[in-house]
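Overview (structure and organization)
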2 protein chains.
Amino acid sequence: MSFSPLIDELIEAFRCLPGVGQKSAQRMSLHLLERNRQGGRKLGESLAEALEKIGNCRYCRNLTEEQSCRICANPARDQTLCCVVETPADVLAIEQAGAYRGVYFVLMGHLSPIDGIGPEQLGIPLLLERVAAAGFRELILACNATVEGDATAWYIAEQLRGAEVEVSRIAHGVPVGGELEYTDGGTLSHAFAGRTAMKQA
Amino acid sequence: MSFSPLIDELIEAFRCLPGVGQKSAQRMSLHLLERNRQGGRKLGESLAEALEKIGNCRYCRNLTEEQSCRICANPARDQTLCCVVETPADVLAIEQAGAYRGVYFVLMGHLSPIDGIGPEQLGIPLLLERVAAAGFRELILACNATVEGDATAWYIAEQLRGAEVEVSRIAHGVPVGGELEYTDGGTLSHAFAGRTAMKQA
């Protein structure tokens, strides 16, 4: 049994969203049709406009509808410090922490040869050009602390060996508020290897 | 901190979906922009088309893009038996069970005076007209087994008192596969009150 062809099509279309299966897609479709047609129309228009106009920043590859994103275009940011992250959501997380005032470079993924994602797809040639042209004093590699993220960070560091830029990796260790008892072995190993001297006040 | 205006607008638009908060909306927006623009475009088009073309069946008020829905237009269905339900999703659930071969009437909600939902909003005048015109032999009230669903069922039964149609309510009792130990008191009371004689084979 199914609804009418148009409703079936709408349910199928909603399934392209992450974490949305048949039941959720059905619930979303019926909710919009029964109770919130105004919101549905707004969503359709927003989607069409966003997909048409949003591209990548020419400098950092972050998503934006302008030529360059808000952060690259902001003269108050430190343009000599660049943080390399995997996704736009990572940029948001770092901005919300508020501890960083430099610019970013967004890879839009990590190295994954099995999915056909190599250095080209991650814009690493563009990153190397930027490093040469922009005169960064430091490049902070903030790829995820996963096998793929680590491999990506190593690859970038390798490409920049001998370049006039300091390359660093964000610290891995026990998260703030975390208890040693519940911390996994890999994290503890990193925490010990990366220990820092206590400064005397 | 926020993304660009267009991305913020898209995230806000996704929040009209049921069960979608700020984080899920952000995840959906970035997923479509980064990884599935084709699916996003399809979703936008489907939404626009569905919202423009889908209305209510003139007979049963179910959602459809035709004048009358598939079920009302199907000559193989028993047109003298009508089941009253609250939502199109209820129609789907009953159809999937496969135990019913009549037609439906979809209220699109239940009586809820505090939200301004009275008999007019539920199309009850149209239901009464249909009962008079279509010559139903039985009207099965399958509103939800909630306080509001019960009130709606009672209201409809009251309106049809004296009419030439048998009005019934679906049975409430222990669900199939359910164990008495874990069944609530209200359900058990209904199960006892609605007990039926065991037929001898």
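Bear in mind the structure is a predicted one, so any value in this text is a computation, not a measurement. Counting of residues starts from 1 at the beginning of each chain's written sequence and follows it residue by residue. Chains and ligands are labelled by the order in which they are written, letters from A for the one and numbers from 1 for the other. Restriction of local features to residues with pLDDT of at least 70 applies here, the model being predicted, together with a cutoff of 80 or more for giving and counting side-chain atom pairs; totals for whole chains, interfaces and linings are based on all residues. The basis for the side-chain values is all heavy atoms of the structure; hydrogens and waters are excluded.

Description of the overall build of chain A
Our working definition: Only DSSP runs of H or I with at least four residues qualify as helices, and only runs of E with at least two residues qualify as strands; both kinds are numbered from the N terminus onward. Atoms considered for the radius of gyration are the C-alpha atoms alone. The globule rule reads 2.2 Å times the number of residues to the power 0.38. Only protein chains enter the accessibility calculation, which uses a 1.4 Å probe; a residue is then buried when its area is under 20% of its type maximum, exposed when over 50%, and partly exposed in between. With residues, only the protein chains shown are counted as cover, and all accessible areas are computed by Shrake-Rupley using a 1.4 Å probe. Positive: Lys, Arg. Negative: Asp, Glu. His and the chain ends are not part of the count. One atom stands in for each charge, and that atom is NZ of Lys, CZ of Arg, CG of Asp or CD of Glu.
If you tally the helices and strands in chain A, you get seven helices and six strands. Element order for chain A, N to C, with α for helix and β for strand: α-α-α-β-β-β-α-β-α-β-α-β-α. For 201 residues, the compact-globule estimate of 2.2 N^0.38 gives 17 Å, and the C-alpha radius of gyration of chain A, at 22 Å, exceeds that figure by more than 25%. C-alpha extents for chain A along the principal axes are approximately 70 × 45 × 40 Å. Burial statistics for chain A: of 201 residues in total, 42% are counted as buried. Counting only carbon and sulfur atoms, one obtains 53% of the accessible surface of chain A, whose full area is about 11,200 Å². In chain A, 19 positive and 25 negative side-chain charges are present, and the distance between their average locations comes to 6 Å.

With respect to the nonpolar core
It is characteristic of soluble globular proteins that their nonpolar side chains tend to be buried jointly. Applicable threshold: Among the buried residues, those of types Ala, Val, Leu, Ile, Met, Phe, Trp, Tyr and Cys that are joined through side-chain atoms within 4.5 Å form a nonpolar core. Contacts are residue-level and defined by heavy atoms, with any inter-residue pair within 4.5 Å sufficient.
In terms of nonpolar packing, the biggest core is built from 44 residues, with Phe14(A), Leu17(A), Leu33(A), Phe14(B) and Leu17(B) touching the most fellow members. With residues near it in sequence (within four places) discarded, Leu17(B) still touches Phe14(A), Leu17(A), Met28(A), Leu32(A) and Leu43(A).

Considerations on the environment of Leu141(A)
Here Leu141(A) shows up in strand S5 (residues 138-141). Non-local contacts of Leu141(A), meaning those with residues more than four positions away in its chain, are made with Val84(A), Ala153(A), Ile156(A), Ala157(A), Val167(A), Ser168(A), Arg169(A) and Ile170(A).

Some points on the interface of chain A and chain B
Selection rule: Here the quantity called buried area is the total loss of accessible area, with a 1.4 Å probe, experienced by two parts when brought into contact, counted for both. Salt bridges are defined as contacts in which a side-chain nitrogen from Lys or Arg sits within 4 Å of a carboxyl oxygen from Asp or Glu. Within 3.5 Å is the distance limit for a polar contact, defined as a pair of N or O atoms, with the added protein rule that one can donate a hydrogen and the other accept it, and that residues adjacent in sequence qualify only through two side-chain atoms.
With 51 residues of chain A at the interface, the matching set in chain B holds 51 residues. Across the chain A to chain B interface the summed buried area is about 5,000 Å²; carbon plus sulfur atoms make up 71%. At the boundary of chain A with chain B, the tally comes to two salt bridges. Note that Lys42(B) is salt-bridged to Glu9(A), the shortest N-O span being 3.9 Å. Here chain A is connected to chain B by eight residue pairs in polar contact (both at pLDDT 80 or more).

Focus: the layout of surface pockets
Threshold: The pocket and cavity definitions rest on a 1 Å grid over protein atoms only: a 1.4 Å probe that fits but cannot leave marks a cavity, an open set with protein on both sides within 12 Å along at least five of seven lines marks a pocket, and residues lining either have an atom within 4 Å of a point. Grid points are joined across faces, edges and corners, and a volume is the space filled by probe spheres set on the points. Just so you know the grouping, Ala, Val, Leu, Ile, Met, Phe, Trp, Tyr, Cys and Pro go in nonpolar, Asp, Glu, Lys and Arg go in charged, and all remaining residues, Gly too, go in polar.
Put simply, the largest pocket is a space of about 330 Å³. As for the largest pocket, its lining consists of 17 residues, of which Glu86(A), Met108(A), Gly109(A), Glu34(B) and Arg35(B) are closest to the centre. Among the elements that make up the lining of the largest pocket, the one with the highest residue count is helix H2 (residues 22-35) of chain B (three residues). Residues of the lining of the largest pocket, tallied by class, amount to four nonpolar, six polar and seven charged. There is about 290 Å³ of room inside the second largest pocket. Lining of the second largest pocket is provided by 14 residues; of these, Glu34(A), Arg35(A), Glu86(B), Met108(B) and Gly109(B) occupy positions nearest its centre. Taken together, the residues of the lining of the second largest pocket sort by class into four nonpolar, five polar and five charged.

Topic: the pairing of strand S6 (residues 166-169) of chain B
Residue and element names in this part refer to chain B. Let me state the cut-off plainly: For two strands to be treated as a pair, DSSP must find no fewer than two bridges joining them. Call a crossover right-handed when, viewed with both strands pointing away from you, the route from the first strand across the helix to the second goes clockwise.
In this structure, strand S5 (residues 138-141) lies alongside S6, joined through four bridges in parallel fashion. Of the residues in S6, the one forming a bridge with Glu138 is Glu166. Handedness of the crossover joining S5 and S6 through helix H6 (residues 147-159) is recorded here as right-handed.

Observations regarding the relation of the copies chain A and chain B
Threshold: Copies are brought into register by a least-squares superposition over C-alpha atoms of residues with pLDDT of at least 70 in both.
Laying chain A over chain B is done by rotating through 180° and shifting 0.0 Å along the axis; what remains is an RMSD of 0.1 Å. Seen this way, the second copy is the image of the first under a two-fold rotation axis. In terms of proximity to the rotation axis, the leading residue of chain A is Gly44(A), whose C-alpha is 2.2 Å off the axis. Taken as a fraction of all interface residues of chain A, those also at the interface in chain B reach 100%, which identifies the copy contact as same-surface.

Points about the state of the cysteines
Residues and elements named next belong to chain A. Rules: Counting rule for disulfides: a pair of cysteine sulfur atoms within 2.5 Å.
Under the defined criterion, the tally for this structure stands at zero disulfides over all chains. Counting only cysteine sulfurs, Cys60 is the nearest neighbor of Cys69, a cysteine outside any disulfide, at a range of 3.6 Å. Exposure remark for Cys69: the relative accessible area of 5% places this residue in the buried category.

Describing the domain arrangement of chain A
Selection rule: Per the annotation, domain bounds derive from an automatic or database assignment of domains.
Looking at chain A, the domain boundaries give domain 1 (5-53) and domain 2 (63-171 + 185-193). If you average the C-alpha positions of domain 1 of chain A and of domain 2 of chain A, the two centres end up 34 Å apart.

Some words on unusual backbone geometry
All names here are of chain A. With a phi angle near 60°, Met108 is a residue other than glycine that sits in the positive phi range. Topologically, Met108 is positioned in the loop between strand S4 (102-106) and helix H5 (124-134). Take Met108: its relative accessible area is 22%, and that puts it in the partly exposed class.

Overview of helix H6 (residues 147-159) of chain A
Residues spaced three or four apart along an α-helix point in a common direction, a consequence of the helix completing one turn every 3.6 residues. Residue and element names in this part refer to chain A. To be explicit about the condition: In this analysis, the expected span of each helix is defined as 1.5 Å times one less than the number of residues it contains. The arc in question is the one traced by the directions running from the helix axis out to the C-beta atoms.
Between its first and last C-alpha atoms H6 spans 18 Å; for 13 residues at 1.5 Å apiece the expected length is 18 Å, and the two agree. For H6, every residue scored as buried is listed here: Gly149, Thr152, Ala153 and Ile156. All buried residues of H6 lie within an arc of 100° about the axis, which places them on one face of the element. Turned more than 90 degrees away from the buried face of H6, the exposed residues are Val147 and Trp154. Considering only its buried residues, H6 is in contact with strand S3 (78-85), H5, S5 and strand S6 (166-169).

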